Amino acid sequence: YDVTNYIESGCLCLWCPCCGWQTKTLHLQGEEVFYKTKNLCSSSTRKRPYAQLGSVELHDSCCGLCVGMSSNLERVNEKGEGGIRPFFGIDRPYTEEICNELRARMEGRGDTAQRKQQTFLMEQITKLTAQVPLILAKRGVAWPPSQMTTGKLFPSNPPKVKTFAELYSPAEEPTFDTQSWNVMCCCEHLNCVSRTVELGPDEVTIRTVRGLDRATITERRPYAQIDDVQKNKGCGCCVNMTAGDLLPEPLSNGTGCDDATITQIVDELKRRIDIRGNIGQMKKLEQIMAKVDDLRVLMTVLQEEMGIDTSYPPSQTVMTSLYGQHHQLPGIRPHAVTSQHFETKEYDVTNLCASACCCFTQKDTIVLEADKQISKSVNCIGDSVNSMPYAQISSVDESRCCFCLRSVNGMMPGCGCSGPLVTEVAQEFQQRKTGRGDIAQLKNQENTMLNALELSVRTGTVLKKAGVPYPPSQATMTEDYGPAFKLPSNNDGYLGEEKHVGPSQQHGEKDYVVTNYCESFCICLCTLGLAGWQSVDLHLGEEEVTMKHWNFCGTNQMRMPYAQLGSVDVETECCGLCFAVETDGGNISPGCGCDKDAVEAISNELQKRKVTRGNIAQVQMQENLMIEVIKMNVQLDQLAKKESVAYPPSQETMEQVFGPGAKVPQKWQAPIMAMGVPGDQTMLQVQLPADAVAGQTLQVQGPGGAIIQLQVPAGALPGQVLQVAAPLGPTVVGAPI
């Protein structure tokens, strides 16, 4: 898309003719968006995964005549300035088309899609944890297995064997209604301002309409992208709230003393963030990882009972018999430590100098809970409480200046010289960010994927031994799942699916010296030589990037996971003579800033690691896992049929195998088949089933085999045909939008 603003470019050309005409373009790829700005003097490219776009919304002004789009690529501020405004800023259809396309990709490749994928995976894997024990019970396999059997099958790392009742533990998915509040300060009424805060099932929306021209500003965030929620009290009864970059300015209601409304919004928002955000996703992913490992143990015992070789990895002969030639297991190393659990700790980080300004009534504490950090600040004027999940801590910045002053993430406890305390807090932040954040999430997914692949191989050997044909015939597929269902083949998934082969990769460590000579010279000159020469080192680790600045007076160290880097593209300045890599952690411009080859090498290395160790890898890894789970459902359905195991079983059978009161699982429903729209490859047509109800999430399969998550809209009727966006890029089995 060409998104050049003619008025902006004309003014730039008029005031600075040497820059010439400035162009702006948007290029939407399968996993990332490119936003490129270019003129005669400089060029910049911002490349972001769709999951990091934040809010993608239209902004109206001038009584609806002017329209722009706001996102993390270019934001619209409170005054209505900024944003992407193509041409003269009045082409609404064109701007709406771009906005809708970006929003669809953000929702389909971002946090909301990941959460829906995890819900789908949990439902299907829970079904498998009921089906495999039923097959074992029908064959008369003793469970739990004897200690001798466990030691024989798992000599190096014996697992904790659970009972059938512990293995099958279906969990109810929490649901949320939409709640909204009209929140305005009394002074805002005089400026014709109205504001609505709406908490939906998956995201929060803040709509603000201001002025006589009714300029509209809408900010929308999935709960997983809200980094902190803070409630502040001050000046007696005054109370307000903030919520990261969604709500950076304090928000109050009425005269500013409406504590009940603000407290209600803050508490409900925190509750939804805990369940729908990073904390809830991490817990669900840990449950999925545990269940897949349980299934692996169950299938290994079934192999032993059937006299099948249980060694793993299997021989090439076994792999060839199951998947054909040229198929190998991925070269990912399993992680010995994935997500971790932490005890609650509390630290007093009060800065005495700041406390003296408040008559020594200021007290700052941080409470490090199992999944989030809570910061509390109290003084004689008021108090504030801020909570942030560890997954939202983008970096741990530890600094030293003036030889003894120490701080971490802006906190400087005591007189500023509390080095041991700062080091301890920084270590705790780093461990919890690594053990409960993006790094841990990807490690969990990689280990889960490796266990799922092992489970798939073991299940394949069991089917061969039992004489169960796989894939089943088309007649069997039609009988069991309907005529529209398309089974992923053995070439789909991690072992052969085209788009997501090796979505995550593990890289070695690299070091670069990225000292900028001009910056270091200016620091040395401005401090009369006291600071000396500043050196900057860049270390690319397995999971995160570390950048260290140091000179005679101080040091600053920034550690950021690759998933948090944002754009890592090369910027050019000074008519193409100077180059730099722009990231969310700071700019990198080694030497005199003119070494294009070095800058491009760093940019390419960072981009590779961002893609294979960041948000994109997380989404693709989860999609591959969905493919394996769909195949395992069909495999075990055919094995259960061979063993004459009815599914769903009767209540009597459930209680015999799993104990009194065991809940009968629902029958697995194959995805609904969608049809293409003639002449439009971007849309699909879906006919709602007879039992569809509003709010229900359906699994829809596109013509190419892709699994799409569709939520039945309010007012939709059974049998009605809906149009939905088609999967992006090449058709991928199991890739929901």
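What you are looking at is a predicted structure, and each value in this text was computed from that prediction instead of being measured. Position labels on residues start from 1 in each chain and follow its written sequence. Side-chain atom pairs in this predicted model are given and counted only at pLDDT of 80 or more, local residue features only at pLDDT of at least 70, and totals for whole chains, interfaces and linings cover all residues. Hydrogens and water are ignored here; the side-chain numbers use all heavy atoms of the structure.

**Comments concerning the overall build of the chain**
Quick note on the threshold: Per the convention used, a helix needs a DSSP run of H or I reaching at least four residues, while a strand needs a run of E reaching at least two, with both numbered from the N terminus. The globule rule is 2.2 Å times the number of residues to the power 0.38, and the radius of gyration it is compared with is taken over C-alpha atoms. Only protein chains enter the accessibility calculation, which uses a 1.4 Å probe; a residue is then buried when its area is under 20% of its type maximum, exposed when over 50%, and partly exposed in between. By the convention used here, residues are in contact when the closest approach between their heavy atoms is within 4.5 Å. Surface accessibility in these figures is a Shrake-Rupley result with a 1.4 Å probe; residues are shielded only by whichever protein chains are displayed. Charge convention: Lys and Arg are scored as positive, Asp and Glu as negative, and His as well as the terminal groups of each chain are ignored. To locate a charge, the coordinates of NZ of Lys, CZ of Arg, CG of Asp or CD of Glu are taken.
Across its full length, the chain holds 17 helices and 31 strands. For a compact globule of 737 residues, the expected C-alpha radius of gyration is about 27 Å, and the chain comes in at 28 Å, within 12% of that figure. In the chain, buried positions account for 55% of the 737 residues. Sequence-distant contacts in the chain: of pairs separated by 6 or more residues, those separated by 24 or more amount to 61%. Put simply, the chain shows about 32100 Å² of open surface, and 55% of that area lies on carbon and sulfur atoms. Side chains of the chain give 66 positive and 84 negative charges; the mean places of these two sets differ by 3 Å.

**Quick notes on the sheet that holds strand E15 (residues 372-378)**
Note the following rule: Note on pairing: two strands pair once DSSP finds at least 2 bridges between them. For helices, the axis comes from a line fit to the C-alpha atoms of the stretch in contact; other axes are also lines fit to C-alpha atoms, and the angle between any two N-to-C directions lies between 0 and 180 degrees.
Read across the sheet, seven strands follow the order E12-E11-E10-E16-E15-E14-E13 without closing on themselves; strand pairing throughout is antiparallel. Taken across any chain shown, the strands that pair with only one partner, and hence form the sheet edges, are strand E12 (247-251) and strand E13 (345-348). Across the sheet, the axes of successive neighbouring strands diverge by a mean angle of 15°, strand direction being ignored. Across seven bridges, E15 lies against strand E16 (residues 382-389) in antiparallel orientation. Along E16, the bridge assignment pairs Val-378 with Asp-383.

**Side note on the sheet that holds strand E20 (residues 535-540)**
The strand order across the open sheet formed by six strands is E18-E17-E22-E21-E20-E19, and the pairing between neighbours is antiparallel. With partners counted over all chains shown, the strands left at the sheet margins are strand E18 (405-408) and strand E19 (510-513), one partner each. Each strand of the sheet is rotated relative to its neighbour by a mean of 10°, with strand direction disregarded. Relative to E20, E19 is paired through four bridges, and the arrangement is antiparallel. Looking at E20, one finds that Tyr-512 is bridged to Leu-538.

**Topic: empty space enclosed by the protein**
Selection rule: Grid points spaced at 1 Å and placed over the protein atoms alone form the basis of the search, with a cavity being a set where a 1.4 Å probe fits but cannot get out and a pocket an open set showing protein on both sides within 12 Å along at least five of seven lines. Lining residues have an atom within 4 Å of a point. Grid points are joined across faces, edges and corners, and a volume is the space filled by probe spheres set on the points.
Under the counting rule described, the total for this entry stands at nine cavities of 30 Å³ or more. Lining of the largest cavity is provided by Ile-226, Asp-227, Asp-228, Val-229, Lys-270, Ile-273, Asp-274, Ile-279, Lys-372, Ser-387 and Pro-389. Counting only elements with at least two residues in the lining of the largest cavity, the list comes to helix H7 (259-276) and E16. With three residues, the single largest contributor to the lining of the largest cavity is H7.

**Concerning the pairing of strand E4 (residues 57-61)**
Within E4, four of the five residues are buried, which leaves the element mostly enclosed by the surrounding structure. Bridge analysis of E4 against strand E5 (residues 66-70) gives five bridges, and the strand direction is antiparallel. Considered in E5, the bridge of Ser-61 is made with Cys-66. Taking the residues between adjacent antiparallel strands as the criterion, E4 and E5 are bridged by four residues, where Cys-62 takes a positive phi near 55°.

**Topic: the pattern of salt bridges**
Put simply, the rule reads: A carboxyl oxygen of Asp or Glu within 4 Å of a side-chain nitrogen of Lys or Arg is what we treat as a salt bridge.
A full pass over the atoms with the stated rule returns 43 salt bridges. Residue Glu-203 is joined to Arg-220 by a salt bridge in which the shortest nitrogen-to-oxygen separation is 3.4 Å. Placement of the pair is Glu-203 in strand E8 (residues 203-210) and Arg-220 in strand E9 (residues 215-222), with a sequence separation of 17 residues. Judged by relative accessible area, which is 16%, Arg-220 ranks as buried. In this structure, Glu-428 engages Lys-345 in a salt bridge whose closest nitrogen and oxygen atoms are separated by 2.8 Å. In this pair, Glu-428 sits in helix H11 (residues 419-436) while Lys-345 sits in strand E13, placing the two residues 83 residues apart along the sequence. Overall, the relative accessible area of 8% leaves Glu-428 in the buried class. Here Lys-345 falls in the partly exposed class, since its relative accessible area comes to 33%. Three or more residues joined by partner-sharing salt bridges are found here, namely Glu-57, Arg-103, Glu-203 and Arg-220.

**As for the state of the cysteines**
Defined simply, a disulfide is a covalent bond joining two cysteines at their sulfur atoms. For clarity, the cut-off: Any two cysteine sulfur atoms within 2.5 Å of one another count as a disulfide.
This model, assessed by the stated rule, comprises one disulfide. Cys-417 provides the cysteine sulfur closest to Cys-404, a residue in no disulfide bond, and the two sulfurs are 3.2 Å apart. No disulfide involves Cys-574; its sulfur sits 3.9 Å from that of Cys-578, the nearest cysteine. A relative accessible area of 48% means that Cys-574 is categorised as partly exposed.

**Quick word on the packing of aromatic side chains**
Counted only if it meets this: Put simply, two rings from Phe, Tyr or Trp (the six-membered ring, in Trp's case) pair if the centres are within 6.5 Å, and we call them stacked under 30 degrees between planes, edge-to-face over 60, tilted for the rest. As a reminder, the over-ring test applies to NZ of lysine and CZ of arginine, requiring each to be within 6 Å of the ring centre and within 35 degrees of the ring normal.
Applying the stated criterion across every chain yields a total of nine aromatic pairs. Ring plane angle 45° and centroid distance 6.1 Å describe the contact between Tyr-6 and Trp-21, whose orientation is recorded as tilted. Of the two residues, Tyr-6 sits in helix H1 (residues 6-15) while Trp-21 sits in the loop between H1 and strand E1 (23-28), which places them 15 residues apart along the sequence. In this structure, Lys-127 is placed above the aromatic ring of Tyr-647, and the distance from its NZ or CZ to the ring centre is 5.4 Å.

**A look at helix H17 (residues 651-658)**
The condition is simple: What the arc measures is the spread of directions leading from the helix axis to the C-beta atoms.
Of all the residues in H17, the buried ones are Met-654, Val-657 and Phe-658. The buried residues of H17 occupy one face: seen down the axis, they fall within an arc of 75°. Exposed residues pointing more than 90 degrees away from the buried face of H17 are listed as Glu-652 and Gln-656. Backbone geometry just after H17 places Gly-659 at a positive phi near 105°.

**Let's talk about the nonpolar core**
The line we're drawing: By nonpolar core we mean a set of buried residues, namely Ala, Val, Leu, Ile, Met, Phe, Trp, Tyr and Cys, connected to one another through side-chain atoms within 4.5 Å.
In this structure, Leu-136, Trp-143, Phe-164, Leu-298, Leu-639 and Phe-658 are the most contacted members of the largest nonpolar core, which totals 56 residues. Elements represented by at least two residues in this core include exactly helix H3 (111-138), helix H5 (164-167), helix H8 (278-305), helix H12 (438-466), helix H13 (474-481), helix H16 (615-642) and H17. If we skip the residues at most four places from it in the chain, Leu-639 touches Ile-135, Leu-302, Val-462, Leu-463, Ala-466 and Val-468. Core analysis: the next-biggest nonpolar cluster, separate from the first, contains 20 residues, Ile-206, Tyr-223, Leu-269 and Ile-273 among them.

**Overview of H3**
Spelled out, the test is: By this rule, a helix spans an expected 1.5 Å times one less than how many residues it contains.
For H3, with 28 residues, the first-to-last C-alpha span of 41 Å sits near the 40 Å given by 1.5 Å per residue. The buried count for H3 comes to 25 of 28 residues, which makes it a mostly enclosed element. Just downstream of H3 lies Gly-140, where phi reads positive at about 75°.

**Thoughts on the packing of helix H15 (residues 596-613) against H16**
Where H15 contacts H16, the two axes come as close as 4 Å, and the packing angle between them is 35°. Together, Lys-610, Val-611, Thr-612 and Arg-613 of H15 and Asn-615, Ile-616 and Ala-617 of H16 make up the contact between the two elements.

**Here's the deal with a nonpolar patch on the surface**
Which entries qualify depends on this criterion: Patch rule: a residue counts if its relative accessible area is over 30% and it has no salt bridge; like charges are joined within 9 Å, and nonpolar side chains (Val, Leu, Ile, Met, Phe, Trp, Tyr) within 5 Å.
A surface patch of nonpolar side chains, about 520 Å² in accessible area, is lined by Tyr-6, Ile-7, Trp-21, Phe-88 and Ile-90. A residue is classified by how much of its surface remains accessible, and Ile-90, at 53% relative accessible area, is exposed.

**Quick notes on the environment of Asp-597**
Looking at where Asp-597 falls in the secondary structure, it is placed in helix H15. Judged by its relative accessible area of 61%, Asp-597 falls in the exposed class. The sequence separation of Asp-597 and Leu-487 amounts to 110 residues, and the corresponding C-alpha distance is 47 Å.

It is worth stressing that arrangement in space is one thing and function is another; only the former is reported here.
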